[in-house]
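Here is what each chain is made of, one letter per residue.
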Amino acid sequence: SDLGVPLIGVGLLHQQGYFRQILSRDGRQLEAFPYNDPTMLPIIPVETSDGGWLRLKLELPGRSLLLKVWRARVGKVTLYLLDSNDPLNSPWDRSITAALYPTEKERRLLQEIVLGVGGWLVLEQLGVEVELCHLNEGHAAFVVLARAHHFMKQTGQPFSVALQAVRAGTIFTTHTPVSAGFDRFEPSLITSYLRTLTGRMAISSRDVLALGKKHPDDPDEPFNMAYLAIRGSGFINGVSRLHGQFSRRLFHELFPRWPEAEVPVGHVTNGVHMPTWDSQVADELWTGSCGKGRWLSTIEELCGPIERINLSDVSRLRIEGRHALVRYVRTRLVRQLREHGAPAAMVERAAHVLDPNVLTLGFARRFTAYKRPTLLLHDPERLAKILLSQEHPVQLIIAGKAHPDDHEGKQLVQALARFAARPELFDRVVFLEDYDLTLAQQLTAGIDVWLNTPRRPWEACGTSGMKVLVNGGLNCSELDGWWAEAYHPDLGWALGDGRDHAEPAWDGVEAEQLYTLLEQQIAPEFYRRDPDGLPRRWLERVRASMAQLTPQFSAGRMLIDYVERMYLPAARAYRARAANGGKLANELAEWHRRLAEDWHTVRFGDVLVTAGAGHHRFDVQVYFGDLEARMLAVELYANPERDEPPLRIPMERKESIAGAVNGHIYTAEAPATRPAHHFTPRIIPSHPQALVPLEETLILWQR
């Protein structure tokens with residue numbers, strides 16, 4: 001909305017949402033699922049042209065599912081929400097969209113059908129012409145099929161052509177750093193629930209299942225939603241530089257014989273919407289320094305003014321933010337204890353916990369094993385000593401939920417809640433239950449140092465630490481996700497050595513590192529004052545972090561990256577393929593068919609390598625068999641060295657091979673800075689409008 005990008009959002013109306021968390025007296029997590037009355041939310045029903053409520057009908061096995069459609073306005077952007085809670089549906093079907101993250105497989109599949117197929121039907125019914133679909137994780141991937149069906153109805157083209165057209169205008173953003181995080185479903189479930197749609201599209205169940213499998217002929221292989229998203233998209237990205245790298249590793253199996261470095265997954269690092277997270281004091285400081293249009297400015301326009309603000313203004317920002325947070329925590333803790341029936345003396349004491357002049361650490365997030373929330377408790381007595389230090393006292397505010405079915409996560413919640421309940425730490429550690437958006441806004445405005453301890457490389461991005469930047473908070477985090485590219489010694493502190501470690505003892509190594517940082521660097525620097533009474537080194541670090549990191553990890557920068565690197569190229573590609581009834585898409589479908597049919601006839605002949613002045617000359621015989629030379633490209637390839645990209649040198653077609661049919665000599669020169677054996681000739685599919693290897697994974701190596 002801020003940038004005026006013409007987006008429409010499509011999602012589900014979760015009338016129970018996630019859940020509300022309650023902590024028992026012994027620190028166990030209890031869950032409540034209150035009903036959110038849609039009529040009390042800032043949404044309205046979507047009306048049809050005759051004034052009725054827009055309802056969609058999805059055909060499911062043996063029944064029809066009715067979906068109500070709601071609309072929310074987020075500034076200039078419209079968000080449509082699908083709701084299965086219609087009285088004409090069965091009780092089970094009414095609950096399909098009720099809650100976030102259902103663990104029962106069939107219900108989760110139905111949610112994803114509602115989102116993908118139903119979401120596209122909303123746009124069809126409203127007459128919205130869409131050029132791009134941006135899939136947030138694989139959950140929405142069924143929109144690929146629904147959109148292809150729409151293209152087929154518009155043009156009369158078969159599914160193979162429609163897929164070539166619509167995938168060019170589809171972007172897939174994956175947030176999952178491990179393959180276990182991708183939704184997988186039994187093939188029989190997919191076949192059953194998509195039977196009506198595939199029947200209308202005149203495609204077989206095998207063809208649909210092949211889009212979600214690594215081995216299409218394996219009847220027992222589950223259907224992978226991420227694979228469907230990849231095979232239906234023209235652009236794929238992870239959500240941080242490191243996550244892009246690991247996503248290439250995760251998806252490498254879909255691109256056999258291609259080097260991992262060439263797996264077609266890029267990255268756009270996440271960002272957060274700074275106006276949502278800045279406190280009133282921070283907003284005044286940014287506005288005064290950068291003007292009212294601050295979040296529409298370029299990164300350079302924001303960095304300079306903040307780097308020049310007075311340290312006294314930075315100090316005031318931090319003091320007021322911390323003081324406001326302490327007041328809020330006291331009020332919330334008092335209410336929390338009263339609701340739990342705590343003794344009056346404890347409630348009275350809660351009204352005075354924490355100290356607005358003490359270094360304040362924050363740890364708040366979803367509690368699950370890979371985030372290692374109890375790394376802090378590796379040596380609980382040492383942590384207690386750090387918190388109770390007379391010279392450099394520290395206080396800690398904790399919040400977070402575990403998924404109701406994550407029993408290990410619940411144990412982690414209980415461990416930290418029990419630590420916070422130790423009588424001697426009552427004034428130094430607070431665990432606030434029911435972590436939500438309101439609490440997050442208060443924490444990120446007042447925390448001095450945000451802690452993040454995931455097990456690398458499991459944190460795809462991790463945006464919680466970005467939210468403190470605008471308010472002058474600092475980060476002490478594992479070198480994972482966004483912090484792996486943001487960290488600099490002048491801007492915060494890092495855990496780990498920048499490598500992955502599977503050994504169990506490594507947690508102890510990083511816990512020791514965290515304690516040492518707190519004892520020897522973080523706390524002493526916070527309390528070290530200059531003659532004017534200011535913690536100058538600390539404030540310089542805060543100012544540098546605000547100036548250099550806040551603009552870089554803002555939602556504005558993120559969206560501009562998407563627009564320039566994905567949306568605009570994808571829109572151009574879709575228009576080209578869809579024009580003239582899908583003429584180019586049809587040409588590409590025929591190109592794929594020919595490659596699949598005749599690729600086996602392509603082969604290499606002899607290779608001659610000669611040394612020249614500063615280069616190696618390669619002369620390669622290539623036999624194209626039943627394919628045309630224009631359908632293929634011949635290259636020299638060398639693996640990347642250090643952080644450099646791989647070397648790809650196009651080879652030039654020269655004369656035909658004497659006495660051969662469809663055989664040609666290809667030649668190229670490679671730099672002699674690398675030995676000749678580093679370079680290997682290869683043949684790959686080539687079409688000026690095709691995305692290789694995303695759309696065509698064939699490849700032939702000379703050796």
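Bear in mind that the values here come from a model prediction, so they are computed numbers and not experimental data.

Colleague: Account for the sheet that holds strand 9 (residues 170–173), naming residues and giving values.
Modeller: Read from one edge of the open sheet, four strands run 8-9-12-13, paired in parallel fashion. The open sheet is flanked by strand 8 (133–136) and strand 13 (266–267), the only strands paired with a single partner. Two elements, strand 8 and strand 9, share four bridges in a ladder whose sense is parallel. Bridge pairing links asparagine 136 to threonine 173 in strand 9.

Colleague: Got a sec to walk through the nonpolar core? Specific residues and values, please.
Modeller: Counting residues in hydrophobic clusters, the biggest one holds 102 residues, and the most contacted among them are Leu359, Leu443 and Trp538. If you tally residues by element for this core, the top one is helix 13 (residues 311–339), at ten residues.

Colleague: Now, about the sheet that holds strand 22 (residues 632–638): what can you tell me, with residues and values included?
Modeller: Read from one edge to the other, the open sheet built from four strands follows the order 23-22-26-27, with strand pairing classed as antiparallel. The outermost strands of the open sheet, each flanked by one partner alone, are strand 23 (647–650) and strand 27 (700–701).

Colleague: So what's going on with the pattern of salt bridges? Residues and values would help.
Modeller: If you walk through the whole model with that rule in mind, you get 51 salt bridges. With its nearest N and O atoms 3.2 Å apart, the salt bridge here joins arginine 499 to aspartate 497. Judged by its relative accessible area of 53%, arginine 499 is exposed. The exposure class of aspartate 497 is partly exposed, given its relative accessible area of 31%. Note that glutamate 525 and arginine 541 form a salt bridge whose closest N and O atoms lie 2.8 Å from each other.

Colleague: Give me the lowdown on the environment of glycine 492, citing residues and values where you can.
Modeller: With respect to the helices and strands, the residue glycine 492 is situated in strand 19 (residues 492–495). Judged by its relative accessible area of 2%, glycine 492 is buried. Residues glycine 492 and arginine 456, spaced 36 residues apart in sequence, show a C-alpha to C-alpha distance of 18 Å. With near-sequence residues (within four places) excluded, glycine 492 lies in contact with Asn475, Trp483, Tyr487 and Arg541.

Thresholds applied
Residues numbered from 1 in each chain as written. Predicted model: local features only at pLDDT ≥ 70, side-chain atom pairs only at ≥ 80, totals over all residues. Heavy atoms only, no water. Pairing = 2+ DSSP bridges. Helix = DSSP H or I, 4+ residues; strand = E, 2+ residues; numbered from the N terminus. Core = buried A, V, L, I, M, F, W, Y, C linked by side-chain atoms within 4.5 Å. Buried < 20%, exposed > 50% of the residue type's maximum accessible area, 1.4 Å probe, protein only. Salt bridge = Lys/Arg side-chain N within 4 Å of Asp/Glu carboxyl O. Contact = heavy atoms within 4.5 Å.

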